[in-house]
Amino acid sequence: MASDQLSLTFAALADPTRRAILARLADGEATVNELAEPFDISLQAVSKHLKVLERAGLITRARNAQWRPCRLETAPLDSASDWITRYRQIWTDRFERLDREIDKLQRKRKEQDHGQD
Amino acid sequence: MAKTEFVIEPGQQDIVIKRTFDAPRDVVFEALTDPTVLAKWWGGPDEVEVDRYEARHGGQWRFVSRDNEGAEWAFRGVYHDVVPSERVTYTFEFEGMPGHIALETVTLEESDGKTTYVSNSVFQTVEDRDGMVQSGMQSGAEASLDKLASLVEGS
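Residues numbered from 1 in each chain as written. Chains lettered and ligands numbered in written order. Predicted model: local features only at pLDDT ≥ 70, side-chain atom pairs only at ≥ 80, totals over all residues.

Peer 1: Quick one: what's the story with the overall build of chain B, residue by residue and with numbers?
Peer 2: Of regular secondary structure, chain B possesses 4 helices and 8 strands. When burial is assessed residue by residue, chain B has 26% of its 155 residues classed as buried. Taking the contacts inside chain B whose residues are at least 6 apart along the sequence as the reference set, 42% of them involve residues at least 24 apart. (Helix = DSSP H or I, 4+ residues; strand = E, 2+ residues; numbered from the N terminus. Buried ≥ 20, exposed ≤ 12 C-beta atoms within 10 Å, placed from the backbone. Contact = placed C-beta atoms within 7 Å.)

Written out as structure tokens, the structure is:
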């Protein structure tokens, strides 16, 4: 289900270490050791983060290469930003209609004020 | 054109929307809380039936939105507080996902004849926020976009 995928994506993105790992992978493939380097955490902890990212489909890991390098997958990120874009669009659209209704109300009030003169 | 500001952080369970309207806040308040006006802007291209609307402390609201194929989506909630021209606090629930309830507060602040609208929606979990946003959008989201496109292209 798309919504489950999105929940996984958002949960994976909620952690700053995982976001840093993704930022690093945006520059190209890297091994677990390379990814662990900038962080003051164990290789095991990095592996756990990688599993979360992998489950969310944000990264893939080579199955056959000896060092199993990780690579960034951008599709889930696209769909995450996609719903935000659509949500923004709905509200932008609503507010444009609200603007028109507010205009109408203002004009009506002015007419009523003139009517009282 | 007025700009709408959205704060939707990954992994958080809230959404903040800010927008300035070129009108005093009592007018904005009327547009937000008069059910006949509300029905005109809230639903997009879908027909919105205001089934229940009691904008007062403890009052209930329920909107049913219908697309042109007859599909229906209903939303409901209870007003916690209504302070005229200043603040409205209510719960929001998509009936398609019962039990997943958000608490929404809309505040209006006036300055130089313009009104700043701020809405703050807090969901029970991050998953609720992301899931509800998605399901809420199914209520004619695509049709809304179509309508917007036709407005934009028509002008």
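Peer 1: Before we move on, can you summarise the overall build of chain A with the specific residues and values?
Peer 2: Each helix and strand in chain A was counted, giving 5 helices and 2 strands. Listing every helix and strand of chain A by position from the N terminus yields α-α-α-α-β-β-α. Across the 117 residues in chain A, those meeting the buried criterion constitute 25%. Sequence-distant contacts in chain A: of pairs separated by 6 or more residues, those separated by 24 or more amount to 53%.

Peer 1: Before we move on, can you summarise the interface of chain A and chain B with the specific residues and values?
Peer 2: Opposite the 26 residues of chain A that make contact, chain B presents 30 residues. Broken down by element, the residue count for the side of chain A that touches chain B peaks at 19 residues, all from helix α5 (residues 75–116) of chain A. Residue classes in the side of chain A that touches chain B are distributed as 14 nonpolar, 5 polar and 7 charged. (Nonpolar A, V, L, I, M, F, W, Y, C, P; charged D, E, K, R; others polar.)

Peer 1: Describe helix α4 (residues 43–55) of chain A, with residues and values.
Peer 2: The first and last C-alpha atoms of α4 of chain A sit 18 Å apart over 13 residues, in line with the 18 Å expected at 1.5 Å per residue. Of the residues trailing α4 of chain A, G57 of chain A is marked for its positive phi of about 75°. (Expected span 1.5 Å × (residues − 1).)

Peer 1: Any details on the pairing of strand β8 (residues 114–122) of chain B? Residues and values, ideally.
Peer 2: Residues and elements named next belong to chain B. Both strand β2 (residues 14–21) and β8 contribute to a ladder of 8 bridges, which runs antiparallel. The residue of β8 that forms the bridge with F21 is T115. Hairpin connection of strand β7 (residues 101–111) to β8: 2 residues between the antiparallel strands, including D112 at a positive phi of 55°. (Pairing = 2+ DSSP bridges.)

Peer 1: Before we move on, can you summarise the sheet that holds strand β3 (residues 47–53) of chain B with the specific residues and values?
Peer 2: Within a sheet, adjacent strands bond to each other through the backbone by hydrogen bonds, running parallel or antiparallel. Residues and elements named next belong to chain B. Spatial ordering of the open sheet is given by β1-β2-β8-β7-β6-β5-β4-β3, a layout of 8 strands whose pairing is antiparallel. Unpaired on one side and paired on the other, β1 (5–7) and β3 mark the two borders of the sheet. Neighbour to neighbour, the strand axes of the sheet diverge by 20° on average, direction disregarded. Sheet topology places β3 next to strand β4 (residues 60–66); 6 bridges connect them, and they run antiparallel. Residue pairing across strands places V50 opposite F63, the latter belonging to β4. (Axes fitted to C-alpha atoms, helices over the stretch in contact; angles between N-to-C directions.)

Peer 1: Residue-level account of helix α2 (residues 16–25) of chain A, with values.
Peer 2: Residues and elements named next belong to chain A. All buried positions along α2 are accounted for by R18, I21, L22 and L25. One side of α2 carries all its buried residues, which in axial view fall inside an arc of 100°. Exposed positions of α2 whose direction lies more than 90 degrees from the buried face are P16 and A23. (Arc of directions from axis to C-beta.)

Peer 1: An account of the nonpolar core is requested, with residue identities and associated values reported.
Peer 2: If you look at the biggest cluster of nonpolar residues, it comprises 22 residues, and the most contacted ones within it are I102 of chain A together with V28, A31 and L32 of chain B. Among the secondary structure elements, those contributing two or more residues to this core are α5 of chain A together with α1 (25–33), α2 (35–42), β4, β5 (72–83) and β6 (87–94) of chain B. The element contributing the most residues to this core is α1 of chain B, with 5 residues. For A31 of chain B, the residues in contact, after removing those within four places along its chain, are L98, E101, I102 and L105 of chain A together with V37 of chain B. Counting residues in hydrophobic clusters, the runner-up holds 15 residues, among them F10, L25, A56 and I59 of chain A. (Core = buried A, V, L, I, M, F, W, Y, C linked by C-beta atoms within 7 Å.)

Peer 1: Give a description of unusual backbone geometry that names residues and reports values.
Peer 2: Residue and element names in this part refer to chain B. Although it is not a glycine, S85 adopts a positive phi angle of roughly 65°. Along the chain, S85 turns up in the loop between β5 and β6. Positioned with a positive phi, D112 is a non-glycine residue whose angle comes to about 55°. When you line up the elements, D112 lands in the loop between β7 and β8. Owing to 5 C-beta atoms within 10 Å, D112 belongs among the exposed residues under this scheme.

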